[in-house]
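# Close look at the chain arrangement
If you want the building blocks of each chain, they are given just below.
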Amino acid sequence: MKFGGTSVADAERIKRAARRIVAQREQGKRVVAVLSARGHTTDELIKAAEEVSPHPDPREMDMLLSTGERISCALCAMAINDLGHKAISLTGSQAGIVTDTSHTRARILDVRADRIRQALDEDMIVLVAGFQGVSTSLDVTTLGRGGSDTTAVAVAAALNAEVCEIYTDVRGVYSADPRLVPDARKLPVVSFEEMLEMAASGAKVLQLRSVEYARTHGVRIHCRASFEDGPGTFVIGEDETMEHPLITAVTHSTDEARITLTGVPDRPGAAASVFEALAAAGCNVDTIIQNEPKGDGAEAELSFTIPSEDLRDAEVALAPVITEHGMRIGTDQQIGKVSIIGAGMRSHPGVAASVFRTLATQEINIEMISTSPIKISCIIRAERVPEAVRALHSAFQLSETDIHEDPPMGQTPR
Ligand code: ASP
Ligand code: MG
């Protein structure tokens, strides 16, 4: 059972989480709970670091950030003990979460869960601090924002758990962000593949890495509300899902920035040197477009998107490459992205046409396009994102109330 930050934000909610954990235990289940830091704790810790240092040392940053999750676990263990059950809280390191050495964005290499198993055998409820581990060089590491999801999935995989339940402040995974689309539908199941695309294109319910980990290790995820009972969304293998809708969800993001390089020399290796520099700086590049230079000695223009938070690192990393090749750089932080995702589009023509027509009808200009077999993403102006999400959600009839009698193709308003 994993509880997110809002689900443990205050004393009442910690006690509520404790009661839910105990209720499962009383049904005869053995329970490991992974908790996030309370409310905005992680943001506050980051701010505290920035107040004392403009570029906080990453190792010390991890020492600091890992405390948030420990607080939650210790408090929850106290609450569980008061309910008459035995609980023990463990740091990531005590729980055997071994990571690589890349501070603030470490990857889990191994979960040595002996101590967790031993505590379970002693009939204890085990609370594991999310979002952290210990590196191969014995330093405390953290797993990147939202990393408690990955802790939960990794622990579930190591213990061969029946299910990894992610308790959160929403009822599950929706066909679009309910704050933008009030009649968005709660999805009963989504496949790992769809969930990966959704997490990568802006859905915030699950950290992308946790979904990758779950797919690799075959961990069943159940995403559900911490404030009420009842099923949420199951994330499972594509072969296990009965539903194969054409389009499953519309996602969006305004957390990306675009970098455009002009004067890129038209010769082998130019793109490689740009993206090698970005890779070395740990920047995750998404949509990439390069135009085709015409004529001898012509130069190319290369545009790509990266997470806004990586923009500064990217500019620093690119500076020497730009000078070396005599390129020019431009950045744009006002971009947004809308994407539609659905396993069914693999075998259906016309989805892209419908997407583009829908946006055109709203007079929304598409600046970049990228696709995968089950996703179409369009880069547009950030301020048009809410409109675009609503238009696509209704064009593909994704609401609860929509009747799916006719295929949505060709029905897009013209
Ligand atoms: N507390 C960390 C964060 O805010 C990790 C998590 O909540 O999953 O990113
Ligand atoms: Mg989260």
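In short, a report on the structure. The structure presented is a predicted model; accordingly, all values stated were derived computationally and were not measured.

## Examining the site of ligand 1
Looking at ligand 1, the residues that line it are Ser36, Ala37, Thr42, Glu69, Phe131, Arg145, Gly146, Gly147 and Ser148. Between ligand 1 and Ser36 there is a distance of 3.0 Å, counted from an oxygen atom to a side-chain nitrogen or oxygen. Between ligand 1 and Glu69, the relevant distance is 2.7 Å, taken from a nitrogen atom to a side-chain nitrogen or oxygen of the residue. In isolation ligand 1 offers 270 Å² of accessible surface; the protein chains occlude 86% of this area. When its residues are assigned to classes, the shell around ligand 1 shows two nonpolar, five polar and two charged.

## A look at the sheet that holds strand E8 (residues 140–142)
Read across the open sheet, the four strands follow the order E5-E4-E7-E8; overall the sheet is mixed. Of all the strands in the sheet, just strand E5 (108–111) and E8 have a single pairing partner and so form its edges. Strand-to-strand twist in this sheet, taken as the mean axis angle between neighbours without regard to direction, amounts to 45°. The sheet contact formed by strand E4 (residues 97–99) and strand E7 (residues 132–135) spans two bridges and is parallel. What sits directly across from Val98, in E7, is Val134. Lying on the sheet, helix H3 (residues 58–82) is in contact with E7 and E8; it crosses E8 at an angle near 75°. Lying on the sheet, helix H5 (residues 148–159) is in contact with E4, E5 and E7; it crosses E5 at an angle near 40°.

What counts and how
- Residues numbered from 1 in each chain as written.
- Chains lettered and ligands numbered in written order.
- Predicted model: local features only at pLDDT ≥ 70, side-chain atom pairs only at ≥ 80, totals over all residues.
- Heavy atoms only, no water.
- Near = heavy atom within 4 Å.
- Polar contact = N/O pair within 3.5 Å; in protein donor to acceptor, adjacent residues only side chain to side chain.
- Areas by Shrake-Rupley, 256 points an atom, 1.4 Å probe, with all protein chains shown as cover.
- Nonpolar A, V, L, I, M, F, W, Y, C, P; charged D, E, K, R; others polar.
- Pairing = 2+ DSSP bridges.
- Helix = DSSP H or I, 4+ residues; strand = E, 2+ residues; numbered from the N terminus.
- Axes fitted to C-alpha atoms, helices over the stretch in contact; angles between N-to-C directions.
- Contact = heavy atoms within 4.5 Å.

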